[in-house]
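Chain by chain, the residues:
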Amino acid sequence: TAGWQFGAKANAAAARTAAGARWESDTYGATAIATRELTDGLALHLNLGGERRKRDGRDATLYAVALAWEPSPQVLLFGEVLGDDRSSATRTVGARWWLLSERVGLDLTVGDQAGVSDSRFVTVGLSFYGWGR
C-alpha cells in the first residue's frame, strides 16, 4: 500500500420534524478513508464517500481532507475541511477517544459551514478504522 492505510466509516443522523414534536431518521452514508503518516504522531487523511439525505431527497458525494495529531495513544486531535458536491465546505476541529486502540473510536467535533452565518454544529460519532493496521 506504499505507506497508505485504509478504513471505512458509516454515519446516520436524526433531525426534528418540522413541528419539532419528534426526531426522525434523516441522513445516512458511508465513507472510504485513506491515511498516510507524515511524521511520528501526525497524519494526513483523505476521505471519499456518499450520503443519502431523506429530508430533501438528494444523494451527495462527500470529500474530506484532515490533519490529525496523536498526543497520547488513547486520544487523537484533528482539524479538517469537508464538503460535498451540493454545498460549500465545512471546517471542523475535534477529538477521538479510542475505544479499541486504532480500530474503533468515539468522535466529538465542532464546526461551521464556510460563508454561512449561524451554522455552528456539534457531532458525535462512532468510527471503525480496522483495515490496513
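Preceding block: the structure.
Everything numeric in this text was worked out from a predicted model, so none of it was measured. (Residues numbered from 1 in each chain as written. Predicted model: local features only at pLDDT ≥ 70, side-chain atom pairs only at ≥ 80, totals over all residues. Heavy atoms only, no water.)

Caption draft 1: Up close: the overall build of the protein chain. On a plain count of helices and strands, the protein chain comes out with zero helices and eight strands. Counting from the amino terminus, the protein chain carries its helices and strands in the arrangement β-β-β-β-β-β-β-β. Compactness check: the protein chain gives a C-alpha radius of gyration of 15 Å against a globular reference of 14 Å for 133 residues, within 12% of the reference. Dimensions of the protein chain along its principal axes, counting C-alpha atoms only, are 50 × 30 × 25 Å. A separation of at least 24 residues holds for 31% of the contacts in the protein chain among residues at least 6 apart in sequence. Across the protein chain, the centroid of the 15 positively charged side chains sits 4 Å from that of the 15 negatively charged ones. (Helix = DSSP H or I, 4+ residues; strand = E, 2+ residues; numbered from the N terminus. Rg over C-alpha atoms; globule rule 2.2 N^0.38 Å. Contact = heavy atoms within 4.5 Å. Lys, Arg positive; Asp, Glu negative; His and termini not counted. Charge placed at Lys NZ, Arg CZ, Asp CG, Glu CD.)

Caption draft 2: Unusual backbone geometry, seen in detail. Despite not being glycine, E102 has its phi angle at roughly 55 degrees, a positive value. Here E102 lies in the loop between β6 (87–100) and β7 (104–113). For E102, a relative accessible area of 31% puts it in the partly exposed group. Phi angles above zero are rare outside glycine, and D118 is one such case at about 55 degrees. Secondary-structure assignment places D118 in the loop between β7 and β8 (121–128). A relative accessible area of 82% means that D118 is categorised as exposed. (Buried < 20%, exposed > 50% of the residue type's maximum accessible area, 1.4 Å probe, protein only.)

Caption draft 3: Focus on the environment of T109. By the element assignment, T109 lies in strand β7. With 17 residues separating them along the chain, T109 and L126 place their C-alpha atoms 12 Å apart. When sequence neighbours within four positions are dropped, the list of residues in contact with T109 reads F78, V93, G94, F121, V122 and T123.

Caption draft 4: Structural view of the pattern of salt bridges. In this structure the tally under the stated criterion is six salt bridges. Here D59 makes a salt bridge to R52, at a shortest N to O gap of 3.1 Å. With its nearest N and O atoms 2.2 Å apart, the salt bridge here joins D84 to R53. Here D84 is found in strand β5 (residues 75–84), whereas its partner R53 is found in strand β3 (residues 42–53), with 31 residues between them in sequence. (Salt bridge = Lys/Arg side-chain N within 4 Å of Asp/Glu carboxyl O.)

Nothing here speaks to function; it is geometry throughout.
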